[in-house]
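Listed here are the chains, written in short residue letters.
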Amino acid sequence: GESAGAASDSDTCYNIGIGYLALKSVNSGDDNVAIGTKAGCSTTSGIYNVFLGYYSGKENTNGKVNFFGGYSAGRCNQSGCYNVMFGLSAGKCGTSGNNRIYIGQGVGEHATGAHGTFIGYYAGCRMIGGCNIAIGKETLKGTTTNSNNTGTYNIALGYAAGCLLSSGTFNILL
C-alpha cells in the first residue's frame, strides 16, 4: 500500500507491511508483520509484532512481541510488550502494560494494568489495576472514571461479575 514501510533503511530487516501506511515509520525494528490501513504505522523500533486489521497497533513505537488482531486492536499501545489482543477495539486505548491477553469486542479498551486476562464483551474495559482475570460479558468493566479502577488480583467470572468494582483487591466474584 501507499507509503508502507516508507522509513525502512539498511538496518531494517524482515518486515512485511501491507496496506496504506502499514509500518510506515519502522527504521530499526525487525521481524514485524502489519496488514491493514495504518497497521503498526508508528512502529519505529518494535520487534516481533503482528498487527492485523485497520489501525491495529497504530501507535506502537517500541513495543515488542505483540499480537493485535481486529479493527483498532491495541491501537494506542506504545511500549507494551508480550500482549495478545484480539477483537474489535480490544485494548484500543491502553498505552502501556505487558503480558496481557484480551479477547473480545471492547475488551480492556482503556485498561493499562499488566498481567491481565480479559475475555468477553467489554470485560475489563476500564480496569487500570494489574493481575486481574475477567471472563464474561462486562466482567470487571470498571466505573466510568478510568483512574478510579485500580483493583488488583481479582477474579471475576460470569455476566457483569464485579462490573463496577474499582479499587478492590484479592476478590473472587461469581
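Everything discussed here concerns the structure shown above.
A brief look at the structure comes next. None of the values given here were measured: they were computed from a predicted structure.

## Section: the sheet that holds strand β10 (residues 172–173)
Part 1: Spatially, 10 strands are ordered β1-β2-β3-β4-β5-β6-β7-β8-β9-β10 in an open sheet, and the strand pairing comes out parallel. A single partner strand is all that each edge strand has here, and the edge strands are β1 (16–18) and β10.
Part 2: With three bridges connecting them, strand β8 (residues 133–135) and strand β9 (residues 155–157) associate as parallel partners. Each bridged residue has a counterpart across the sheet, and for A134 the counterpart in β9 is A156.

## So, the packing of aromatic side chains
Part 1: Across all of its chains, the model carries seven aromatic pairs by this definition.
Part 2: Seen from their ring centres, F67 and F86 are 6.4 Å apart, and the 25 degrees between their planes marks the pair as stacked. Of the two residues, F67 sits in strand β4 (residues 67–69) while F86 sits in strand β5 (residues 84–86), which places them 19 residues apart along the sequence.
Part 3: F67 gets classed as partly exposed once you look at its relative accessible area, which sits at 27%.
Part 4: In this structure an aromatic cluster arises from ring pairing among Y54, Y55 and Y71.
Part 5: A cation over an aromatic ring shows up here: K58 above the ring of Y55, its NZ or CZ 5.5 Å from the ring centre.
Part 6: A cation over a ring is seen here: K141 above Y122, with NZ or CZ 5.9 Å from the ring centre.

## Side note on unusual backbone geometry
Part 1: With a phi angle near 50 degrees, L23 is a residue other than glycine that sits in the positive phi range.
Part 2: Mapping L23 onto the fold places it in the loop between β1 and β2 (33–35).
Part 3: Residue classification places L23 among the buried positions, given a relative accessible area of 1%.
Part 4: A positive phi angle, close to 60 degrees, is found at H115, a residue other than glycine.
Part 5: Tracing the sequence through the fold places H115 in the loop between β6 (101–103) and β7 (117–119).

## Here we look at the environment of L23
Part 1: Sequence-wise, L23 and K38 are 15 residues apart; in three dimensions their C-alpha atoms are separated by 7.3 Å.
Part 2: With residues up to four places along the chain from it excluded, the contact list for L23 reads G5, A6, N15, I16, G17, N32, A34, A39, G40, C41 and T43.

## Some thoughts on the environment of T112
Part 1: As for its position among the elements, T112 is in the loop between β6 and β7.
Part 2: Given the relative accessible area of 27%, T112 is considered partly exposed.
Part 3: Sequence separation of T112 and G97 is 15 residues, and the distance between their C-alpha atoms is 5.2 Å.
Part 4: Once you skip the residues sitting within four places of it in the chain, T112 turns out to touch G94, T95, S96, G97, R100, M127 and I128.

## Brief notes about the side chain of R100
Part 1: Tracing the backbone through its elements, the reader meets R100 in the loop between β5 and β6.
Part 2: Of the side chains bearing the opposite charge, E59 lies closest to the buried R100, which forms no salt bridge; the N-O distance is 12 Å.
Part 3: Reaching out from R100, the side chain makes a polar contact with the side chain of N77 at a distance of 3.4 Å.
Part 4: The contact partners of R100, leaving out residues within four places of it in the chain, are N77, Y82, N83, V84, M85, A111, T112, G113, A114, H115 and G116.

## Overview of the nonpolar core
Part 1: In this structure, A34, Y102, F118 and L140 are the most contacted members of the largest nonpolar core, which totals 21 residues.
Part 2: Excluding its chain neighbours within four sequence positions, the residues that come into contact with A34 are I16, G17, I18, A22, L23, A39 and F51.

Conventions used here
- Note on numbering: residues in each chain are counted from 1, in written sequence order.
- With pLDDT at 70 or above as the cut-off, local features in this predicted model cover only qualifying residues; side-chain atom pairs require 80 or more to be listed or tallied, and sums for whole chains, interfaces and linings still use all residues.
- To obtain the side-chain values, all non-hydrogen atoms of the structure were included, while hydrogens and water were left out.
- Should DSSP find at least two bridges between two strands, the strands are taken to pair.
- In this description a helix means any DSSP run of H or I spanning at least four residues, a strand means any run of E spanning at least two, and both kinds are numbered starting from the N terminus.
- Pairing of aromatic side chains requires ring centres within 6.5 Å, counting the rings of Phe and Tyr and the six-membered ring of Trp. Pairs whose planes differ by under 30 degrees are stacked, by over 60 edge-to-face, and all others tilted.
- Relative accessibility thresholds used throughout: buried, under 20% of the residue-type maximum; exposed, over 50%; partly exposed, between the two (1.4 Å probe, protein chains only).
- We count a charge as sitting over a ring when the NZ of a lysine or the CZ of an arginine lies within 6 Å of the ring centre and within 35 degrees of the ring normal.
- Contact between two residues is taken to exist if any of their heavy atoms lie within 4.5 Å; hydrogens are not considered.
- The convention is simple: Lys and Arg are positive, Asp and Glu are negative, and His and the chain ends are not counted.
- Should a side-chain nitrogen of Lys or Arg be within 4 Å of a carboxyl oxygen of Asp or Glu, the pair is scored as a salt bridge.
- Pairing of N or O atoms within 3.5 Å defines a polar contact, subject to two protein rules: one partner must be a possible hydrogen donor and the other a possible acceptor, and residues neighboring in sequence count only if both atoms are side-chain atoms.
- Only buried residues count toward a nonpolar core, which is a set of Ala, Val, Leu, Ile, Met, Phe, Trp, Tyr and Cys residues joined through side-chain atoms within 4.5 Å.

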